[in-house]
Amino acid sequence: QKEVEQDPGPLSVPEGAIVSLNCTYSNSAFQYFMWYRQYSRKGPELLMYTYSSGNKEDGRFTAQVDKSSKYISLFIRDSQPSDSATYLCAMTAGAQKLVFGQGTRLTINP
Amino acid sequence: GAVVSQHPSWVICKSGTSVKIECRSLDFQATTMFWYRQFPKQSLMLMATSNEGSKATYEQGVEKDKFLINHASLTLSTLTVTSAHPEDSSFYICSARGGTSGAGGEQFFGPGTRLTVL
């Protein structure tokens, strides 16, 4: 079993839809959670960083962490074609290496 | 956010030659830098972790003599692929973590370098 599981998709939704991306993990030592967005042939861009259970909002993005269920989510409201990318969840137990999910390929259709 | 650059952005070389890739943190001091490789439609695979002034720590299965990493300053790390072969063709991405990053140590990624070995 992988430490971090993420549905690779692909996921295709119409413009304006709410997108839900999810990851589950097995290592209870993970305390810090990140979501990265990666466009094709580019490096990952940090979108959200959280370390406590609950919700964190930044513009159209909301990151949700449920440590009791070992489950994290990223919600995108009012999705735009420019949101089409691969979204990677990542987590760490501290100042250690990140463990990445497989990445979900998302397409927003105009 | 913090900016990390990589150079070159793409390189084509002949089999048997060596290629050096630079990773720079432009607006912060990176106490730790990471090197990843990524194959098409796959997630990032960590190759090694380097701390400034120390030897790199390589992940299991990564040949340290083939992938030479130098982290000589707080803003520069280099990855040298020695005697490159076609199977080394990949997308190489570096990331950097600053000393003032949060306890979870956010990593900021460079734009990547696409290496093609003929």
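Heads up: the structure comes first, above all this text.
Conventions and cut-offs
- Residues numbered from 1 in each chain as written.
- Chains lettered and ligands numbered in written order.
- Predicted model: local features only at pLDDT ≥ 70, side-chain atom pairs only at ≥ 80, totals over all residues.
- Heavy atoms only, no water.
- Contact = heavy atoms within 4.5 Å.
- Salt bridge = Lys/Arg side-chain N within 4 Å of Asp/Glu carboxyl O.
- Polar contact = N/O pair within 3.5 Å; in protein donor to acceptor, adjacent residues only side chain to side chain.
- Helix = DSSP H or I, 4+ residues; strand = E, 2+ residues; numbered from the N terminus.
- Core = buried A, V, L, I, M, F, W, Y, C linked by side-chain atoms within 4.5 Å.
- Buried < 20%, exposed > 50% of the residue type's maximum accessible area, 1.4 Å probe, protein only.
- Pairing = 2+ DSSP bridges.

1. Notes on the interface of chain B and chain A
It is common to report an interface's size as the accessible area lost on association of the parts.
Phase 1: With 23 residues of chain B at the interface, the matching set in chain A holds 21 residues.
Phase 2: Counting every contact that joins chain B to chain A gives one salt bridge.
Phase 3: A salt bridge links K97 of chain A to E59 of chain B, with the nearest nitrogen and oxygen atoms 2.7 Å apart.
Phase 4: Taken together, the links from chain B to chain A amount to five residue pairs in polar contact (both at pLDDT 80 or more).
Phase 5: Where the side of chain B that touches chain A is concerned, the elements lending two or more residues are β4 (30–38), β9 (90–98) and β10 (108–109) of chain B.

2. Concerning the nonpolar core
The nonpolar side chains of soluble globular proteins are, as a tendency, buried together.
Phase 1: F67, L79 and L115 of chain B are the most contacted members of the largest nonpolar core, which totals 26 residues.
Phase 2: Mapped onto this core, the elements with two or more residues apiece are β2 (10–13), β3 (19–25), β4, β5 (45–51), β7 (67–73), β8 (76–81), β9 and β11 (113–117) of chain B.
Phase 3: If we skip the residues at most four places from it in the chain, F67 of chain B touches R37, M47, Y58, V62, L79, T80, V81, D88 and Y92 of chain B.
Phase 4: Among the nonpolar cores identified, the runner-up in size contains 25 residues, and C23, Y25, Y87 and M91 of chain A belong to it.

3. A word on the pairing of β2 of chain B
All names here are of chain B.
Phase 1: What you see with β2 is a clean split: V11 and C13 sit on the buried side and W10 and I12 on the side with no burial.
Phase 2: Note that β2 and β11 share four bridges and pair parallel. The residue bridging I12 from the neighbouring strand is T116, located in β11.

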